[in-house]
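Notes for the structure review
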Amino acid sequence: MPSPALQERVRGEDSVSAQRVEEFFMAILLENATVVTLSPSKPILEAQQILIDGETIAQMGRKIHARGVPIAKRIDCSHMIVMPGLVNAHCHLTEILQKSFRDNARMEIWRSYRTTTEDLAKLTEDEIGTAAELACSEMLKSGVTAVVDHFSTRPGLTVKKMEAILGAFEKTGIRGMLVPSLRDQDSIRLAMQRTNRKNMAVQTSPEPWKDEVLTVLAHLRRRRTQSGIMLGPSSPMNCSDGLLREVVKVAEQYDLGIHTHLLETRLQAWTAQKLYGRTICAHLDEIGFLSPRVSGAHSIWLDERDIDLMASAGASAVHNPASNLKLGSGIAPVAKLKSRGVNVALGTDGGDTSDSYSIFEQMRLAAYLSRVVDENPNNWIQAPDALRMGTVNGAQAIPAWRGKIGVIRPGYSADLILLKPTLRLRPLRDIVHQLVFCEGGQSVHTVLVAGEVVVDDGRLTRVDENSLIRRVEPISRKMHRIYSRIKKIPDRSQKMTHQLYKKALAAKGLPVRLLS
Ligand SMILES: [Zn+2]
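In this text, all values refer to a predicted model and were calculated from it rather than measured experimentally. (Residues numbered from 1 in each chain as written. Predicted model: local features only at pLDDT ≥ 70, side-chain atom pairs only at ≥ 80, totals over all residues.)

Take the packing of helix 10 (residues 266-276) against helix 20 (residues 492-506) next. Where helix 10 meets helix 20, the closest approach of the two axes is 9 Å, and the angle between their N-to-C directions is 80°. On the basis of the axis angle, helix 10 is roughly perpendicular to helix 20. Of helix 20, the residues touching helix 10 (which contributes Arg266, Leu267 and Trp270) are Leu500, Tyr501, Lys503, Ala504 and Leu505. Here the residues of the contact of helix 10 with helix 20 sort into six nonpolar, no polar and two charged. (Axes fitted to C-alpha atoms, helices over the stretch in contact; angles between N-to-C directions. Helix = DSSP H or I, 4+ residues; strand = E, 2+ residues; numbered from the N terminus. Parallel < 35°, antiparallel > 145°, perpendicular 65-115°, else oblique. Contact = placed C-beta atoms within 7 Å. Nonpolar A, V, L, I, M, F, W, Y, C, P; charged D, E, K, R; others polar.)

All right, on to the nonpolar core then. Grouped together as the largest cluster of nonpolar side chains are 137 residues, with contacts concentrated most on Val82, Cys136, Ile165, Met363 and Ala366. When residues in this core are grouped by element, the largest group, eight residues, is from helix 4 (residues 125-141). (Core = buried A, V, L, I, M, F, W, Y, C linked by C-beta atoms within 7 Å. Buried ≥ 20, exposed ≤ 12 C-beta atoms within 10 Å, placed from the backbone.)

Turning to the pairing of strand 5 (residues 81-84), a few remarks are in order. The side chains of a regular strand alternate between both faces of the sheet. As judged from the two bridges shared by strand 1 (residues 27-36) and strand 5, these two strands associate in the parallel manner. Within strand 5, the residue paired with Val35 across the bridge is Val82. As paired strands, strand 5 and strand 15 (residues 416-419) are joined by four bridges and run antiparallel to one another. In the sheet register, Ile81 faces strand 15, and the bridge partner there is Leu419. (Pairing = 2+ DSSP bridges.)

Here we come to the pairing of strand 2 (residues 44-53). Bridging between strand 1 and strand 2 involves seven bridges; their strand directions are antiparallel. Among the inter-strand pairings, Ile28 is bridged to a residue of strand 2, identified as Ile52. With five bridges connecting them, strand 2 and strand 3 (residues 56-61) associate as antiparallel partners. Bridging across to strand 3, Ile50 finds its partner in Met60. Hairpin connection, strand 2 to strand 3: the antiparallel pair is bridged by two residues, and Gly54 has positive phi, about 65°.

What follows is about the environment of Gly228. Tracing the backbone shows Gly228 in strand 9 (residues 228-229). The class of Gly228 is buried, set by 22 C-beta atoms lying within 10 Å. It is 6.1 Å that separates the C-alpha atoms of Gly228 and Leu178, two residues lying 50 residues apart in sequence.

To continue, consider helix 4. Over its 17 residues, helix 4 runs 24 Å from end to end, which matches the ideal 24 Å to within 8%, given 1.5 Å per residue. In the segment just after helix 4, Gly143 is the residue with positive phi, at about 95°. (Expected span 1.5 Å × (residues − 1).)

Along the polypeptide, Met162 turns up in helix 5 (residues 159-172). Residues Met162 and Ile229, 67 residues apart in the sequence, show an inter-C-alpha distance of 9.7 Å. Leave out the neighbours within four places in its chain, and Met162 touches Phe151, Leu157, Leu178, Pro180 and Val216.

In this section: the confidence of the model for the chain. Do not read the fine detail of predicted coordinates wherever pLDDT is low. Of the residues in the chain, 92% have a pLDDT of 70 or more, and the chain-wide mean is 91. Residue range residues 195-202 is modelled with pLDDT below 50. Its contacts to residues more than four positions away, or to other chains, number ten contacts. (pLDDT = per-residue confidence, 0-100.)

This part covers the sheet that holds strand 12 (residues 294-298). Backbone hydrogen bonds are what pair the strands of a sheet, in a parallel or an antiparallel way. The sheet built from four strands is open, its strands ordered 11-12-13-14 with parallel pairing. Each edge of the open sheet carries a strand with a single partner, namely strand 11 (258-262) and strand 14 (343-346). Taken over all neighbouring pairs, the strand axes of this sheet differ in orientation by 30° on average, direction set aside.

Right, let's get into helix 8 (residues 208-223). Compared with the 22 Å implied by 1.5 Å per residue over 16 residues, the 24 Å span of helix 8 between its first and last C-alpha is a close match. Among all positions in helix 8, only Trp209, Val213 and Val216 are buried. The arc that holds the buried residues of helix 8, viewed along the axis, is 65°, so those residues lie on one side. Exposed residues pointing more than 90 degrees away from the buried face of helix 8 are listed as Asp211, Ala218, Arg221 and Arg222. Those residues of helix 8 hidden inside the fold are in contact with helix 5, strand 8 (175-182) and strand 9. (Arc of directions from axis to C-beta.)

With an omega dihedral of -10°, the bond running from Arg426 to Pro427 counts as a cis peptide bond. Relative to the helices and strands, Pro427 is located in the loop between strand 15 and helix 18 (431-437). Of note, the phi angle at Leu38 is positive, near 70°, even though the residue is not glycine. Phi at His79 takes a positive value of approximately 65°, unusual for a residue other than glycine. Residue placement: His79 occurs in the loop between strand 4 (71-76) and strand 5.

Structural data, given as structure tokens:
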């Protein structure tokens, strides 16, 4: 039976129907399940029963004893694969509105187009919520049950905009982590101005973010929802040391995780050397920023010492292979990070830079890309590694999710996906290999988040998909019209970026992360 606190939360949710509340307080029994365990010794267990009581996996085994537990729903999992829900540990939900707008643009130029388009579009809270709802829906249907949204929107962060994202989490039923993006300086402009560290400290702005973020945190803690909040410096170099220190202080005070972009491009690695006279990781280590609370998206341009600093601090890296390939950013040293003990999770980045929110896609790309950077097959990312990166490693990267999701085990939250193998998985011989190398999400049949069925027979249970598409298309069309106009206007900042890239590409002493 769910705890009294949980019962109170469910009863308080207006959107939950009386029938759903009734079902919620009774158990779900999965029968005849083929279960993906992620354990090296027994990766697959056959003919399992899984008892889900409220939000939690209560029992699992060949024959369990559910005496006294009223079973509301039995799901026959014969011919289905049951695996932990996938975790998208870095993405930007609202970028779905600019899906595939651009092709051959470096990250810095792509970002300038994206933000200018957002500036002019002036999205309302309702439009932000609709975009997030679409991205969450796409994810749930492809088996992603938990998502980290590194949320930035132009112009400026407000409580209402953050609530719009949280509203989309609750509406779709996904487990969501809102990470508002914070910044108070522009590293590219600073690099151009040859500004030194002393001057940078002066540029610290007061903290308009803090009241807003703490207001949302207070709302969340009152509601006792599945959703959470973390602190998200946009990238360390776009934040003054004062802001980064404040982030650490607030994270410790309120026990929050910290998420940031970290060394996504060669230009960033070069800029860090120029601004700090050392790598950004060495700088972060000195100011006490690195810790097990921190996850760094991309983590491509780390040098050997940076990797050791990440490992000794217990920080996680989040690999975003599709986005890195599309933007030509470089290839993260995933096998090396893993061998030094850094936890590596997976993310899709925004819908514009990777064009989908599929973690199945990222698992396959992570395995393939590791073969380009190392000639020794023993060092390649293999299917079981990739599967862990897409599930339990994602949970490990986020403090609030550690030991709670990512594996199928009694006591863990029932965040599960049931796959009914389609032709993509046929013939089916090795489940773990084929989930990574063959599956694309087409086989996802049923999805549970915290014990609730949110996708049933391939259909969303909480969202009217057709109505959602009708609502989102005009918003994206408006943005595309804006983008079509601005891309024709000459942009001087692009010339500046190209000049800086020339210097960064010619600079000696940076790690090699691009094919030459
Ligand atoms: Zn990103």
